[in-house]
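The chain contents come next:
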Amino acid sequence: MGHSNWPEWIYVAVVIALLVYVGAEAWNIENLIDHAPEDAEIIKVTAQQWFWSFEHADGTKEIGELHLKKDHAYKFEIHSKDVNHNFNIPEFLVLMDAVPGRINTVWFSPNESGEFDIQCREYCGLIHYNMRAKLFVEGS
Amino acid sequence: MRTIWAPIILIVLFATPMIQLVFASETPGEYVNRAQEIWNLFFRMMTIAFVVGGVIAGTIVWQVWRFRESNPKAKPTPYEDKGDL
Amino acid sequence: MVLTLAKPRPIWQIMFSTHHTDVGLMYLIFSIMALFIGGAMAIAIRVELFAPGAQIIADAMTFNRLFTSHGTTMIFLFLLPSASAVGNYLVPIMVRYKDMAYPKLNAIAFWMIPPAAALVWLGMADFGWYANPPYSVISAPAPAAEMWIFGLKILGISSVLGSINFVVTILKCKHPDMSIGKVPLLAWSFLAASTIAIMAIPTFAAGLLMLLTDRLGATGFFNPLVGGDPIAYQHLFWFTFHPEVYVLVIPAIGMMYEIIPRFSRRPIFSHSSGVFAFVLLSIVAFASWAHHMFATGMSFTEKTVFMVGTLAAVPASAMHVFNFLATMWNGRIKFATPMMWAVGGIALFFSAGAGGVVNTAMPLDFITHDSYWVVGHFHLFVFGTIAFGTIGFFYYLFPYVTRRMYNEKLGVVHFILSMVGASLTFFTQHLLGLYGMPRRVFDYPEIPEWIAMNQIISIGAMIILVGMGIFLVNLIYSSARGKPANMNDPFGLGGKYYYPYSQLNPHHDKAGY
């Protein structure tokens, strides 16, 4: 090198410190939201080209629409009948791949009532762009 | 290699208390508001990104302004006469 | 020496040559052609998305074929060949050898690309550049998918052959007086990138074969109907193509290492830290592939491992940025076109990297995954960083290739338009992603924010298009009519560094050239 390089090492140390902070923060929040509460109601989500169908715990089935209650916890069990899809409610940051042959889970608790979009976030073919459904959250 | 201590000190000073803070803020009884937690994390990350980005972009802009050859203060570098850069 | 239109060489002489500058020239011309073909596809996509509803593309199938071919073209037919072009021109000169180690292999590696490109462009597959099963196995229309698979197979072999050539040339053919530590950073970048390519590509090569036999119905590796696992394909794919990102970005950084010291009129701040960062990056490159798959139902532990692996790549990249800025410090910088592209590339490199950190921070994946944020993020990398470095280097090589100067004013206008266009397009794509718009969509609902942002993005793309048009005019006009370049110092920097590039070549340049 031939010359002193200490500024670079300090700089690298600062970068590493920032990354450690980012990693620790991310780990924390992931840890916070990862586990579904015990009393979460299970909703089976089925993705297929190119629509969504839902089955509530009591056996009620819905196609293209999902009705939930405010301030209840819900755990989605997501699977696909044909190709990969991705179950996404952008408003509540619910997002999980629907993969044939697997059941993926994600949980959330809607904290406001209203009408929200459900969309497919993983490319799944011809009508991927319009593989949408509606989420209705009814007040408690 | 004294600088190896810098990241360790920084971790102890900042990361660890932050971990405790986040855990302490959990209120029992209610469901975690997933979207709120994630967006808060996002905005914390953006704060860091924009501060660091501002420093880097500022440095680049300043260097571009200060060390351009048309700057009145520009001096020939000691390497120019040697020919082979 | 190579392409002097004043004294043209017969085209067959270039085509059947195995000399490194001729192969480099063919790589160069091919990659620029692919840039414009891929760019035309991007423009079609952006015009389509300018407003909700069908604009110029009649149906979703055509749109899906377009974005698939756009991605495949830009990655495999523009970026990889453009890096090979630069490497072919300069690596043998930098290690002071007469040619590449295996000249015939070199020509073969190039000539595999046009047939592969024909397969990709004539087939127009529709499954995205990642060809995820089960869609690519059970749903994708027939001849196109197979053509894409064979095209990529050929491109993979070509890439491995080219990489072997670079590694052997640098390690075995360098001048005996030159220790490996003294090899210039541009050549080092090719050593690092080629090593990654050789290690990474076989995995996807296997995955492609498995995909093909799955499609033929002979096997069911990725087909859940017969017990296969589609996620296994994604692991094979990303184990190759996350490192591939570094295969693309490392040569671009190497090109910046060539440009920045010259135009700052100072030597590189630290050659050894550049080498260290390249080596580190080429190891860490293999520790982060599954961060593309956080949403496939990975466990918390798996996600944590790949988040840490991804973050580990940041210090090495940050060292390069430090090295660039420290080199410019106290310099006397001449802002000719190549330097502008390099500095613009560094600025966008930071934003791209910061976006990557956000993507890998586990919970934030719920915001960004498969949204336009990701599109903006990787375009900042491939266009904002890699293509910026490469296009800057094309300007830098221009006098070497043509013995003429490009038009400086047009070069500056091209840079400014690209910088403005790229910022407008790709930063707005990040925002659009935060508003929840998914990628790979032919149409979108009439949400006012989405419409506004899509229009800004499309306008940005048009600005880039205008810049690229100027680039093309500059290239063609200047190589025919440009001012003859002073080959010892074409940029007026006052050094003799350009001289070794321009030495007459015993292969083709007879005395009295």
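Since the structure is predicted, the reported quantities are computational estimates derived from the model, not experimental observations.

Visitor: Provide a residue-level description of the overall build of chain B, including the pertinent values.
Guide: In terms of helices and strands, chain B carries 2 helices and 0 strands. About 5,800 Å² of surface is accessible on chain B, with carbon and sulfur atoms providing 68% of the total.

Visitor: Give a description of the sheet that holds strand E1 (residues 41–48) of chain A that names residues and reports values.
Guide: Residues and elements named next belong to chain A. As summarised here, the arrangement of the 5 strands in space is E3-E2-E1-E5-E8, forming an open sheet in which the pairing is mixed. Here the strands that pair on one side only, and so sit at the sheet edges, are strand E3 (61–63) and strand E8 (104–108). On average, each strand axis in the sheet is inclined to that of its neighbour by 25 degrees, with strand direction left out of account.

Visitor: So, empty space enclosed by the protein: which residues are in play, and what are the values?
Guide: Residue and element names in this part refer to chain C. Under the definition given, this model contains 5 cavities of 30 Å³ or more. Volume-wise, the largest cavity comes out at about 240 Å³. Leu80, Ser84, Ser159, Ser163 and Val247 are the residues nearest the centre of the largest cavity, which is lined by 19 residues in total. Taken together, the elements giving at least two residues each to the lining of the largest cavity come down to helix H3 (60–94), helix H7 (142–172), helix H8 (185–216) and helix H9 (230–264). In terms of residues, the lining of the largest cavity owes the most to one element, H7, which gives 6 residues. A per-class count over the lining of the largest cavity returns 13 nonpolar, 6 polar and no charged. Put simply, the second largest cavity is a space of about 120 Å³. Lining the second largest cavity are 14 residues; nearest its centre among them are Leu152, Gly156, Ile201, Phe204 and Phe241. Elements represented by at least two residues in the lining of the second largest cavity include exactly H3, H7, H8 and H9.

Visitor: Which residues make up the confidence of the model for chain C, and what values do they have?
Guide: All names here are of chain C. Averaged over every residue, the pLDDT of chain C is 92; residues scoring 70 or more account for 96%. In the predicted structure, residues 508–513 sits below a pLDDT of 50 and forms 12 contacts with residues beyond four places in sequence or in another chain. We note a pTM of 0.91 for the whole complex and an ipTM of 0.93 for its interfaces.

Visitor: Give me the lowdown on helix H15 (residues 372–402) of chain C, citing residues and values where you can.
Guide: Residues and elements named next belong to chain C. Along its length, H15 reaches its greatest deviation from straightness, about 40 degrees, at tyrosine 396, and the proline proline 399 lies no more than four positions downstream. Most of H15 sits inside the fold, with 30 of its 31 residues counted as buried. For H15, the N-terminal capping position is held by serine 371, with its side-chain oxygen 3.0 Å away from the main-chain nitrogen of tryptophan 373. Arginine 403 sits one or two residues past H15 and shows a positive phi near 65 degrees.

Visitor: Let's hear about the environment of Val275(C): which residues, and what values?
Guide: The topology assignment puts Val275(C) in helix H10 (residues 271–284). As a C-alpha pair, Val275(C) and Asp126(C) span 149 residues in sequence and 40 Å in three-dimensional space.

Visitor: Run through the sheet that holds strand E7 (residues 94–98) of chain A, naming residues and quoting values.
Guide: Residue and element names in this part refer to chain A. Reading across from one edge, E4-E10-E9-E6-E7 is the order of the 5 strands in this open sheet, with mixed pairing throughout. With one partner strand each, in any of the chains shown, strand E4 (65–69) and E7 form the two edges of the open sheet. Pairwise comparison of adjacent strand axes, ignoring direction, gives a mean angle of 20 degrees for this sheet. With 5 bridges connecting them, strand E6 (residues 85–89) and E7 associate as antiparallel partners. Bridging across to E7, asparagine 86 finds its partner in aspartate 97.

Visitor: Go over the interface of chain B and chain C, please, and point to the residues and values.
Guide: Counting residues at the interface gives 28 residues for chain B, matched by 30 residues for chain C. Between chain B and chain C, roughly 2,800 Å² of surface is buried when both sides are summed, and carbon and sulfur atoms account for 74% of that area. Note that Arg265(C) and Glu69(B) form a salt bridge whose closest N and O atoms lie 2.9 Å from each other. Partitioning the side of chain B that touches chain C into residue classes produces 17 nonpolar, 5 polar and 6 charged.

Visitor: How would you explain the environment of Ala40(A) if you had to name every residue and give the values?
Guide: Residues and elements named next belong to chain A. The topology assignment puts alanine 40 in the loop between helix H1 (6–34) and E1. Judged by relative accessible area, alanine 40 falls into the buried class, the value being 13%. When the C-alpha atoms of alanine 40 and tyrosine 74 are compared, they prove to be 4.8 Å apart, with 34 residues separating the residues in sequence. Setting aside its immediate chain neighbours within four residues, alanine 40 contacts Ala73, Tyr74 and Lys75.

Visitor: For the packing of aromatic side chains, give the residues involved together with the corresponding values.
Guide: For the coordinates displayed, the defined rule picks out 62 aromatic pairs over all chains. Centroid distance Phe76(C) to Trp129(C): 6.2 Å. Interplanar angle 45 degrees. Geometry classified as tilted. With a gap of 53 residues between them, Phe76(C) in helix H3 and Trp129(C) in the loop between helix H5 (113–123) and helix H6 (135–139) connect regions that are remote in the sequence. On the basis of relative accessible area, Phe76(C) is assigned to the buried category, the value being 6%. Positioned over the ring face of Phe366(C) is Arg34(B), at 4.3 Å from the centre of the ring. Directly above the aromatic system of Tyr130(C) lies the positively charged group of Arg440(C), at a separation of 4.1 Å from the ring centroid.

Visitor: Let's hear about the state of the cysteines: which residues, and what values?
Guide: Residue and element names in this part refer to chain A. Evaluation of the coordinates by the stated rule reveals 0 disulfides over all chains. Left without a disulfide partner, cysteine 120 is nearest to the cysteine sulfur of cysteine 124, which lies 3.8 Å away. Overall, cysteine 120 belongs to the buried group, its relative accessible area being 2%.

Visitor: Kindly report on the pattern of salt bridges, identifying the contributing residues and their values.
Guide: Pairs can form between side chains of opposite charge whenever their charged atoms are close. Taken as a whole and judged by the stated rule, the model has 12 salt bridges over all chains. We note a salt bridge from Lys303(C) to Glu30(A), for which the minimum N-O separation is 2.8 Å. Here Glu30(A) lies in helix H1 and Lys303(C) lies in helix H11 (residues 300–311), a pairing that spans two chains. For Glu30(A), a relative accessible area of 1% puts it in the buried group. With its nearest N and O atoms 3.9 Å apart, the salt bridge here joins Arg440(C) to Asp370(C). Of this pair, Arg440(C) sits in the loop between helix H16 (408–434) and helix H17 (448–481) while Asp370(C) sits in the loop between helix H14 (365–368) and H15, and the two are 70 residues apart along the sequence.

The rules behind each value
Residues numbered from 1 in each chain as written. Chains lettered and ligands numbered in written order. Predicted model: local features only at pLDDT ≥ 70, side-chain atom pairs only at ≥ 80, totals over all residues. Heavy atoms only, no water. Helix = DSSP H or I, 4+ residues; strand = E, 2+ residues; numbered from the N terminus. Areas by Shrake-Rupley, 256 points an atom, 1.4 Å probe, with all protein chains shown as cover. Pairing = 2+ DSSP bridges. Axes fitted to C-alpha atoms, helices over the stretch in contact; angles between N-to-C directions. 1 Å grid on protein atoms, 1.4 Å probe; cavity = no way out; pocket = protein on both sides within 12 Å on 5 of 7 lines; lining within 4 Å. Points joined across faces, edges and corners; volume = space filled by probe spheres on them. Nonpolar A, V, L, I, M, F, W, Y, C, P; charged D, E, K, R; others polar. pLDDT = per-residue confidence, 0-100. Contact = heavy atoms within 4.5 Å. Bend = angle between axes of the 7 residues up to and from the residue. Buried < 20%, exposed > 50% of the residue type's maximum accessible area, 1.4 Å probe, protein only. Polar contact = N/O pair within 3.5 Å; in protein donor to acceptor, adjacent residues only side chain to side chain. Buried area = accessible area lost by both parts, 1.4 Å probe. Salt bridge = Lys/Arg side-chain N within 4 Å of Asp/Glu carboxyl O. Phe/Tyr/Trp six-rings, centres within 6.5 Å; stacked < 30°, edge-to-face > 60°. Lys NZ or Arg CZ within 6 Å of the ring centre and 35° of its normal. Disulfide = S-S within 2.5 Å.

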